[in-house]
Amino acid sequence: MAEVVSEIEIQGNRKIEAAAIRTKLLTQVGAKFDSQNIREDIRAIFALGYFEDVQVDREESAGGVKILYVVKEKPIISGIEYDGLDALEKDDIKDLILVKEYEVVDHAKLNKSVEKLSQKYEEKGYYLADIRTEIVADDSRNEAKIVFHIQENDKIQVKQINIIGAKVVPSADLKGVMQTKEGGAFSWITGSGAYREAVFDRDIAGMTFYYGTLGYVKARFGKPEVSVSPDKKFIYITFSVAEGDQYFV
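Just so it is clear, the model here is predicted, and its values are computed rather than measured.

Description of the overall build of the protein
Here's step 1: The secondary structure content of the protein amounts to seven helices and 10 strands.
Here's step 2: Whereas a compact globule of 249 residues would reach a radius of gyration of roughly 18 Å, the protein reaches 30 Å, over 25% beyond that.
Here's step 3: Each of the 249 residues in the protein was classed as buried or not, and the buried ones make up 32%.
Here's step 4: For the protein, long-range pairs separated by at least 24 residues make up 59% of all intrachain contacts whose partners lie at least 6 apart in sequence.

A few points about the pattern of salt bridges
Here's step 1: Counted under the stated rule, the structure contains 12 salt bridges.
Here's step 2: The partner of Glu3 in a salt bridge is Arg58, and the shortest N-O contact between them spans 2.2 Å. Placement of Glu3 in the segment before strand E1 (5–11) and of Arg58 in strand E2 (residues 51–61) is noted, with a sequence separation of 55 residues between them.
Here's step 3: As a salt-bridge pair, Lys175 and Glu182 come within 3.2 Å of each other at their nearest N and O atoms.
Here's step 4: Judged by its relative accessible area of 25%, Lys175 falls in the partly exposed class.
Here's step 5: Taken together, the salt bridges that share partners define one network made up of Glu3, Arg58 and Glu60.

Re the environment of Ile146
Here's step 1: Mapped onto the elements, Ile146 comes out in strand E6 (residues 143–151).
Here's step 2: On the accessibility criterion, Ile146 (1% relative accessible area) is buried.
Here's step 3: Residues Ile146 and Ala18, 128 residues apart in the sequence, show an inter-C-alpha distance of 28 Å.
Here's step 4: Residues contacting Ile146, with those up to four places away along its chain left out, are Ile77, Gly79, Ile80, Glu81, Val105, Leu110, Glu134 and Ile135.

Details of the sheet that holds E1
Here's step 1: One open sheet accounts for three strands, arranged E1-E3-E2; its pairing is mixed. Looking at strand neighbours, the two that pair on one side only are E1 and E2, the edges of this open sheet. Adjacent strand axes in the sheet meet at a mean angle of 15 degrees when their direction is disregarded.
Here's step 2: Bridging between E1 and strand E3 (residues 64–73) involves six bridges; their strand directions are parallel. Across the sheet, the residue bridging to Glu9 is Leu68, located in E3.
Here's step 3: Here helix H2 (residues 35–47) sits on the sheet and contacts E2 and E3; the angle it forms with E2, its principal contact strand, is near 150 degrees.

Quick notes on the sheet that holds strand E4 (residues 76–83)
Here's step 1: In space, the three strands of this open sheet follow the order E4-E6-E5, with mixed pairing throughout. Two strands lie at the open edges of the sheet, namely E4 and strand E5 (130–138), each paired on one side alone. With direction set aside, neighbouring strand axes in the sheet form an average angle of 20 degrees.
Here's step 2: Alignment of E4 against E6, held across seven bridges, turns out to be parallel. Bridging from a neighbouring strand, Ile76 pairs with Glu143 of E6.
Here's step 3: Where helix H4 (residues 107–123) meets the sheet, its contacts fall on E5 and E6, and the angle it forms with E5 comes to roughly 150 degrees.

What about helix H7 (residues 197–213)?
Here's step 1: The end-to-end C-alpha distance of H7 is 25 Å, a good match for the 24 Å that 17 residues give at a rise of 1.5 Å each.
Here's step 2: Taken together, the buried positions of H7 are Val199, Phe200, Asp203, Ile204, Met207 and Tyr211. The buried residues of H7 all sit within an arc of 150 degrees when viewed along its axis, so they share a single face. Relative to its buried face, H7 has exposed residues pointing more than 90 degrees away, namely Phe209 and Thr213.
Here's step 3: Two residues or fewer past H7, Gly215 is found with a positive phi of approximately 100 degrees.

A closer look at the nonpolar core
Here's step 1: Core analysis: the biggest nonpolar cluster contains 20 residues, and Tyr195, Phe200, Met207, Tyr211, Phe221 and Phe239 have the highest contact counts within it.
Here's step 2: Among the secondary structure elements, those contributing two or more residues to this core are strand E7 (157–164), H7 and strand E10 (234–242).
Here's step 3: In this structure Phe221 touches Ile204, Met207, Thr208, Tyr211, Phe239, Ser240 and Val241, once residues within four positions along its chain are discounted.
Here's step 4: The next biggest cluster of nonpolar side chains, apart from the first, holds 19 residues, and it includes Ile97, Leu110, Leu117 and Phe148.

Topic: the pairing of E5
Here's step 1: With nine bridges connecting them, E5 and E6 associate as antiparallel partners. When the bridges of E6 are listed, Asp138 appears paired with Glu143.
Here's step 2: Taken together, E5 and the strand that follows it, E6, pair antiparallel across an intervening segment of four residues, in which Asn142 is found at a positive phi of about 55 degrees.

Criteria and cut-off values
Residues numbered from 1 in each chain as written. Predicted model: local features only at pLDDT ≥ 70, side-chain atom pairs only at ≥ 80, totals over all residues. Heavy atoms only, no water. Helix = DSSP H or I, 4+ residues; strand = E, 2+ residues; numbered from the N terminus. Rg over C-alpha atoms; globule rule 2.2 N^0.38 Å. Buried < 20%, exposed > 50% of the residue type's maximum accessible area, 1.4 Å probe, protein only. Contact = heavy atoms within 4.5 Å. Salt bridge = Lys/Arg side-chain N within 4 Å of Asp/Glu carboxyl O. Pairing = 2+ DSSP bridges. Axes fitted to C-alpha atoms, helices over the stretch in contact; angles between N-to-C directions. Expected span 1.5 Å × (residues − 1). Arc of directions from axis to C-beta. Core = buried A, V, L, I, M, F, W, Y, C linked by side-chain atoms within 4.5 Å.

Geometric values such as these leave the question of function open.
Written out as C-alpha cells, the structure reads:
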C-alpha cells in the first residue's frame, strides 16, 4: 500500500519564500507518495533559477511520510568589478556583460559575458587578451562580488595586406593611402602595424575617395577577409576592389 504524505518541509531558503517553492511542487500533503513526482519537483525547483542545489529526504512517521526539501540558494551579485580594463571604457562594454547587480549568480551568463568581452577585444585588435572571472563569496550574507580579471596584452600586428583586382592603381599606391600598415622589424617598438577596425574602415573610405580623384567614381571595395596566425600574433587582411570605368569631366 502506498504511503501518504503527512508533511512537507522546506529548509535552506533564505531570500526565496517557501510559499513560492511550494507552488511548484506536485507532491502535496494528503496525497500518496510518488517518487516520480519527487523527481519532477526537483526539476521544477531548479527551473526557478534561484538554487544551485536541491536535496530531498523522507522521514517515516505515524501518519505517513514526511518529505523534506533542502535547497541551497545561489548568491546574489553585490557588485561587479574590472581588474586590468584599460583599452576599453566601461560604457563600451556594459551591454556585453549579461550578469547584473542584485541578480543571482548565473554561470551560463557569466561565461557568455566573457565570450562577448573577448570578441570585443578582438574587434579592437587585442587578439591576445586573456579574461578570467572570480566569484568572491560572502556566505554570511549569501552574496557574491564578480571580478573580471583582464590581461589585455599587445595588439596584434598586421603581417600582410593583399588587394585583389587593383589594376589601374597599383596595390603599393593604395597601401600608401591607408593608415593601416604592414608591420616591420621595429613595429613592436614604434606601434606601427597595429590593427584597428575603425581605422581600417576609414582606409576603405580613403581609397574610394582616391579612386574618385582619378575618375573612377564607381570603384567599390569588397568586404575584407581577416585571418589570424595560429599564435595570434599576426593578422592577414585580404580585400578586393572593382575599379569600374574611368569618367572625365
